[in-house]
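Observations on the model geometry
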Amino acid sequence: SIFSIRNFSKAALPNDVAFAFDIDGVLIRGGRAIKEGTRALQFLKDNKIPFILLTNGGGVHESVRAKLLSTTMQVDLKEKQFCQSHTPFRTLTNKYKNVLVMGGFGNKVRETAEAYGFEKVITDVDVLAKRGIPFWPFTYLTEKDLVSAQDFDDTRPIDAVFTYVDPVNFGLDLQLLMELACSKNGVLGTQSPTMTEGPDIYFSNADLIWPNEYNVPRLGQGAFGICCENVYRALSGKALKCTYYGKPHSVTYKYATNVLNDFRREMNATTPLREIFMVGDNPASDIRGANSFGWTSILVRTGVFQGKENSEQYPAKHVSANVWEAVQWALTHTH
Ligand code: G3P
Ligand code: MG
């Protein structure tokens, strides 16, 4: 094709652009590499074009994720190249000391939050183990859970609740988050008359659905957020005060832009990036966020989006069959 960059001379490649790639539905699907992804990442590495992996997934520390995805993609990726949904939480360690984290299996999310620098990190399992079965009689704690549970001072106010990744204990987490939202000052087992004194509440993404190897999309963390907002409204008659991170929210694009410009500075460039391309499969998160943040959006057909033309609700600048075609288009269509 005329857009093929196989014949491109290196000099013709733009040197002031960068890429952000979504992971699920763009680079991998159900844990397996999409082969065009390996080609795209290797090409950019070889040509020293900076890129970041910008995913609404998470649940492990970026260093762990980097190792896992390097193996899957067969491309060496660095920890700093990962912006997961919860990565920008690391900027909040001075604001909150005693925090509750939810989502994921075992202690991975606790370890991630501790590695970010949060002083005291409590999990949903810690709470159930400490306060006993009546706290939520519908979740059975396994031996493994009990081993992972840690003791904590349950009279100390909880400063903030962070959902890092899709909840494993959906019902337990809903009960726990509601108890805290309606509590006096974030203390477990208390109730505020106004129900508005609870801790600050963060969700790391608002994705209603996500794709895996199953034949239709699965419910994501956004479904949990909606449940929390609606149950809180039913309990209190008020809107739940909470903050969403992740795509399409600007906090995440801002964080990623800073990281990409850091990469550019490390390559001794003195001007900021001229254009950032986002390659994604989800119009409502990847494309919507990129468009409103001033990045150039490219929608691929290897994940959530399966439409014929473009997304009607959140149209991308361009639609490509896969991520390698997206990269080729981008490098031949810079501003
Ligand atoms: O939970 C949603 C997550 O799996 C989506 O990941 O990489 O498509 O943003 P990604
Ligand atoms: Mg995706």
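As a convention, each chain's residues are numbered from 1 in the sequence order in which they are written. Here chains are named by letter from A upward and ligands by number from 1 upward, in the order in which they appear as written. Note on the predicted model: pLDDT of at least 70 is required for a residue's local features to be given, and 80 or more for side-chain atom pairs to be given and counted; whole-chain, interface and lining totals, by contrast, use all residues.

Where an unreviewed UniProt entry is consulted, the protein appears under the name Cardiolipin synthase/hydrolase fusion protein, with the organism given as Schizosaccharomyces japonicus.

Apart from glycine, the bulk of residues carry a negative phi angle, and the bulk of peptide bonds sit in the trans form. The omega torsion of the bond from K247 to P248 falls at 5 degrees, within 30 degrees of zero and hence cis. With respect to the helices and strands, the residue P248 is situated in the loop between β12 (243–244) and α8 (250–266). Positive phi, normally seen in glycine, also occurs at Q74, with a value near 60 degrees. Helix and strand assignments come from DSSP, with helices taken as H or I runs of at least 4 residues and strands as E runs of at least 2, each series counted from the N terminus. Here Q74 is to be found in the loop between α2 (62–73) and β5 (82–83). Even without being a glycine, M195 presents a positive backbone phi close to 60 degrees. With respect to the element layout, M195 can be found in the loop between α6 (170–181) and β9 (200–203). Residue classification places M195 among the partly exposed residues on the basis of 18 C-beta atoms within 10 Å. Residue burial is a threshold on neighbouring C-beta atoms within 10 Å of the residue's own C-beta, all placed from the backbone, with 20 or more meaning buried, 12 or fewer meaning exposed, and counts in between meaning partly exposed.

Okay, helix α10 (residues 323–332) next. In terms of residue burial, α10 counts as a mostly covered element, since 9 of its 10 residues are buried. For α10, the set of buried residues is V323, W324, E325, A326, V327, Q328, W329, A330 and L331. Note on contacts: residues are paired as contacts if their backbone-placed C-beta atoms lie within 7 Å. On its buried face, α10 sits against β1 (17–21), α1 (35–46), β13 (275–280), β14 (296–300) and β15 (318–320).

Counting residues in hydrophobic clusters, the biggest one holds 49 residues, and the most contacted among them are F21, V279, I298 and V323. Top element by residues in this core is α10. It accounts for 7 residues. Ignoring sequence-local partners within four residues, the contact set of F21 consists of V26, L27, F51, L53, L54, V279 and V323. To define a nonpolar core, we join buried Ala, Val, Leu, Ile, Met, Phe, Trp, Tyr and Cys residues through C-beta atoms within 7 Å and take the resulting set. I158, V161, L172 and L188 belong to the second-largest nonpolar core, a separate cluster that totals 38 residues.

pLDDT: the predictor's confidence for each residue, scored from 0 to 100. The predicted model of the protein has a mean per-residue pLDDT of 95, with 97% of residues at 70 or higher. Both confidence scores are given for the complex: pTM 0.92, ipTM 0.97.

This part takes up the sheet that holds β9. Two strands are counted as paired when DSSP detects at least two bridges linking them. Taking strand neighbours across the sheet as the criterion, the 5 strands line up as β7-β6-β8-β9-β12 in an open arrangement whose pairing is parallel. Single-partner strands in this sheet number two, and they are β7 (120–123) and β12. Direction of pairing for strand β6 (residues 98–102) relative to strand β8 (residues 160–163): parallel, over a ladder of 4 bridges. The residue bridging V99 from the neighbouring strand is A160, located in β8.

This paragraph deals with the packing of α6 against helix α7 (residues 221–236). The axes are straight lines fitted to the C-alpha atoms, using for helices just the contacting stretch, and the angles between their N-to-C directions are given from 0 to 180°. Put simply, α6 and α7 touch, their axes get as near as 10 Å, and they point 45 degrees apart. The angle between the axes of α6 and α7 places the two elements in the oblique class. With respect to the hand of their crossing, α6 and α7 are arranged in right-handed fashion. Contact with α6, carried on its side by F170, L174, L177, M178 and A181, involves F224, C227, C228, V231, Y232 and L235 of α7 and no other residues of that element. Across the contact of α6 with α7, the residue classes tally to 11 nonpolar, no polar and no charged. Roughly parallel covers angles under 35 degrees, roughly antiparallel covers those over 145, roughly perpendicular covers 65 to 115, and oblique covers all other angles. Crossing handedness is defined as follows: a turn of the near helix away from the far one that is anticlockwise and smaller than a right angle gives a left-handed crossing, while the clockwise case is right-handed. When residues are sorted by character, Ala, Val, Leu, Ile, Met, Phe, Trp, Tyr, Cys and Pro go into the nonpolar class, Asp, Glu, Lys and Arg into the charged class, and all the rest, Gly among them, into the polar class.

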